[in-house]
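In case you want the letters, here they are:
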Amino acid sequence: MQKIRHDLRLSETISPFGVGAIVDIRGESLIAPDTSWWDRRTAPEISCDRLLARLGGGVLRQPPAHAGRAATDTFSLPYWRFPAWRFCERCGSLSQLTRSEKGRWRNSCQCGGALVPMRYVAVCVSGSHVQDIPWFMWTHRGHDDGVTEEVRFCRAYRELRFERSTKRGEGLASLLVVCGACKRSRSLAELVGKDALLRDGIRCDGRQPWEPVAPASTPCDAHLVAVQRGATGNYIAERVSALDIPEEKPHSIEMAEKIRTHDLYERVVADNGGPRSEQIAGWIGEELGISSEAVLAVALSGSDAESPLLDLKDGEWAAFVKKIKAGRDGSNGDFVVDGWQADRIEEAPRELRRVIAGIGQVHRVREVRALKGFRRHSPEASFIPADLDKDPRHRTVYPAIEMFGEGIFLQFDEDAISEWESQPAVSARANILVDRRAHSAWAVRLDVPEPRFIALHTIAHLLIRRLAFASGYASASLQERVYANSDRADKTAGVLIYTAAGDAQGTLGGLVRLGEPRHLFPLLITALDDADVCSNDPVCRESDRQGSSQLNLSACHGCALVSETSCETGNRLLDRQLVLGGSDVPGLLEAVLPAVRRGVATS
């Protein structure tokens, strides 16, 4: 093992160069091993109880970091050389050998030419394994007349060369692997056909490149495919993040606890749905300001059992709503939010105030992001955890980083949202994406595209595009977090737009300043005006088949798409019509722009 002095940004060690990813550095092709290879003394632990609860326990550790120039004793991460097969760009010699000179490994050939990693590697289609293509074996295999006895029994391992020749055609057909001893040659065009590696007897090893070869291990049964080592499908990371905020219980759970602790509750349970239970439930409901049906629902659901673990966003939503009701926030810490309720907002037109229930100026927020694991080749492939340590005494280690930033939170009025999404045309429009999500094997991991989610998600994108002009942050530096679900007991309808950086303090103040109503509402109206006409209209406006797997409706790069790193769903589940209306579909904010334009015309 030899240290290569090269710096990565701290955030890049989670994505895109996290555990299992292939990294190109200074002409070398490397792969990051799992966290069991880390020196845990140099990887500080990060605390975030909410995220660990979501992950099911374990330890969050930040990859080693340093400031200043790298030296020989600087803390570092291990990376494996992959693929091991390389060719000399001068003489074309192809091998797995590494030259040593004066006690140091050199990435150069005996002739002095630089060694270049082979372009293709082998990935299994369902096991998420990756391995080198055994080029010597592959070159001497095949089903043509050139496979003679001399070729079959050739052992000239040092005579392999990688050549380029235009005599056999163009593209992959012009790239050849040639054996100098038996004169056998094959073009890379024979490598990428369907089941090409299987026909040549090359099977999956059932492991990752950094894992040792276990004597009892059995090869994976999945077929191998040859892919370019830099293909995006070679690494599909699964990340999870949480805002480090004081966990708040949603209103439904707080009310259920009040019901269970009421003096008359035991009498409701004892009657077990009898005639007296309705009368007693009415007394409890009258005292607590709720219906008797709600009291009976709690009593019949069972009892004093501890409530299940809340979803991360449920606790965050409850915390934001509490902060907005509290108004000015004079607290210290990592979660500081000034709240503005609708009755304090006068700067917006009436059509917009009817939909917006509150605004939160997030002065400081801490986010923790962790890498849970990855898949290869397809989202349906087997999941590989970030820690492959088999020792049951060791707790699972997840790579994680903490980021500090600022943001803007928008709470939408539940009554206005419910009234809008109950319209048949609205639900029919959203059901287009619901059906496509249901018929996609990988899209089921995305949020359910109910009308409120699509509308609020699109509004978040429109605001991000406009805030990039006014906040001082680039669009790629802004993140979204959408709270939109009507299936829970406590319905959610809001968006958080925030900035956070793992290697810099993202609290310059430019974004949170724009959270004041007098700044935010003009920006929101301008964002709606920007999206009212797209440069690709009328094609974009009338389309309902855009984006990856056709999971966007009226949304394209000209109007609603942002950097994929900024979006929770990778620029999917967007539609301008559900925001601004069109094609007989009523939009959530379709009345805003006409009202503003009428006001401008009369003034």
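Right above here is the structure, for reference.
Only a predicted model underlies this, so the values are computations on that prediction, with no experimental measurement involved.

## A closer look at the pattern of salt bridges
Move 1: A full pass over the atoms with the stated rule returns 29 salt bridges.
Move 2: The shortest N-O distance in the salt bridge between Asp144 and Arg184 comes to 2.9 Å. Of this pair, Asp144 sits in the loop between α2 (135-139) and α3 (149-152) while Arg184 sits in the loop between β14 (175-179) and β15 (185-187), placing them 40 residues apart in sequence.
Move 3: For Asp144, a relative accessible area of 35% translates into the label partly exposed.
Move 4: With its nearest N and O atoms 3.1 Å apart, the salt bridge here joins Arg186 to Glu190.
Move 5: The class for Arg186 is buried, based on a relative accessible area of 4%.
Move 6: The structure contains a network of salt bridges with shared partners spanning Asp529, Asp532, Arg541 and Arg597.

## Some details on empty space enclosed by the protein
Move 1: Going through the model one piece at a time under the given rule, you end up with two cavities of 30 Å³ or more.
Move 2: Put simply, the largest cavity is a space of about 70 Å³.
Move 3: Along the walls of the largest cavity sit Thr13, Phe17, Gly18, Val19, Ala32, Pro33, Trp38, Leu77, Pro78 and Tyr79, which together make up its complete lining.
Move 4: Across the lining of the largest cavity, the residue classes tally to eight nonpolar, two polar and no charged.

## Structural notes on unusual backbone geometry
Move 1: Here Ser15 and Pro16 are connected by a cis peptide whose omega angle stands at 10°.
Move 2: For Pro16, the position within the fold is in the segment before β1 (22-25).
Move 3: Here the residue pair Asp537 and Pro538 is connected by a cis peptide bond, since its omega of 5° sits within 30 degrees of zero.
Move 4: We note that Ser549 has phi near 55°; this positive angle belongs to a residue other than glycine.
Move 5: As for its placement among the helices and strands, Ser549 is situated in the loop between α16 (539-542) and α17 (577-580).
Move 6: Even without a glycine there, the phi angle at Asp584 is positive, about 65°.
Move 7: A relative accessible area of 77% means that Asp584 is categorised as exposed.

## Details of the sheet that holds strand β7 (residues 94-95)
Move 1: With respect to topology, three strands assemble into an open sheet ordered β7-β6-β10, the strand pairing being antiparallel. For this open sheet the edge positions go to β7 and β10 (115-117), each flanked by a neighbour on one side alone.
Move 2: One ladder, built from two bridges, connects strand β6 (residues 86-88) with β7; its direction is antiparallel. Bridging across to β7, Phe87 finds its partner in Leu94.

## Comments concerning helix α11 (residues 414-421)
Move 1: Of all the residues in α11, the buried ones are Ala416, Ile417, Trp420 and Glu421. Along α11, the residues classed as buried sweep out an arc of 120° about the axis, all on the same side. Across α11 from its buried face, at more than 90 degrees, point the exposed residues Asp415 and Glu419.

## Here we look at the environment of Val579
Move 1: Structurally, Val579 is set in helix α17.
Move 2: A relative accessible area of 0% means that Val579 is categorised as buried.
Move 3: Along the sequence, Val579 and Glu590 sit 11 residues apart, while their C-alpha atoms lie 6.4 Å from each other.

## A word on the nonpolar core
One recurring pattern in soluble globular proteins: nonpolar side chains tend to sit buried together.
Move 1: Residues Leu352, Phe412, Leu456, Leu467, Leu588 and Leu589 are the most contacted members of the largest nonpolar core, which totals 66 residues.
Move 2: With 10 residues, helix α13 (residues 451-470) is the single largest residue contributor to this core.
Move 3: Sequence-distant contacts of Leu456, defined by excluding residues within four places in its chain, comprise Phe412, Ile417, Val482, Tyr483, Ala484, Ala493, Gly494, Val495 and Leu588.
Move 4: Core analysis: the next-biggest nonpolar cluster, separate from the first, contains 35 residues, Val227, Val321, Ile401 and Met403 among them.

Here is what the cut-offs are and how they apply
Residues numbered from 1 in each chain as written. Predicted model: local features only at pLDDT ≥ 70, side-chain atom pairs only at ≥ 80, totals over all residues. Heavy atoms only, no water. Salt bridge = Lys/Arg side-chain N within 4 Å of Asp/Glu carboxyl O. Helix = DSSP H or I, 4+ residues; strand = E, 2+ residues; numbered from the N terminus. Buried < 20%, exposed > 50% of the residue type's maximum accessible area, 1.4 Å probe, protein only. 1 Å grid on protein atoms, 1.4 Å probe; cavity = no way out; pocket = protein on both sides within 12 Å on 5 of 7 lines; lining within 4 Å. Points joined across faces, edges and corners; volume = space filled by probe spheres on them. Nonpolar A, V, L, I, M, F, W, Y, C, P; charged D, E, K, R; others polar. Pairing = 2+ DSSP bridges. Arc of directions from axis to C-beta. Core = buried A, V, L, I, M, F, W, Y, C linked by side-chain atoms within 4.5 Å. Contact = heavy atoms within 4.5 Å.

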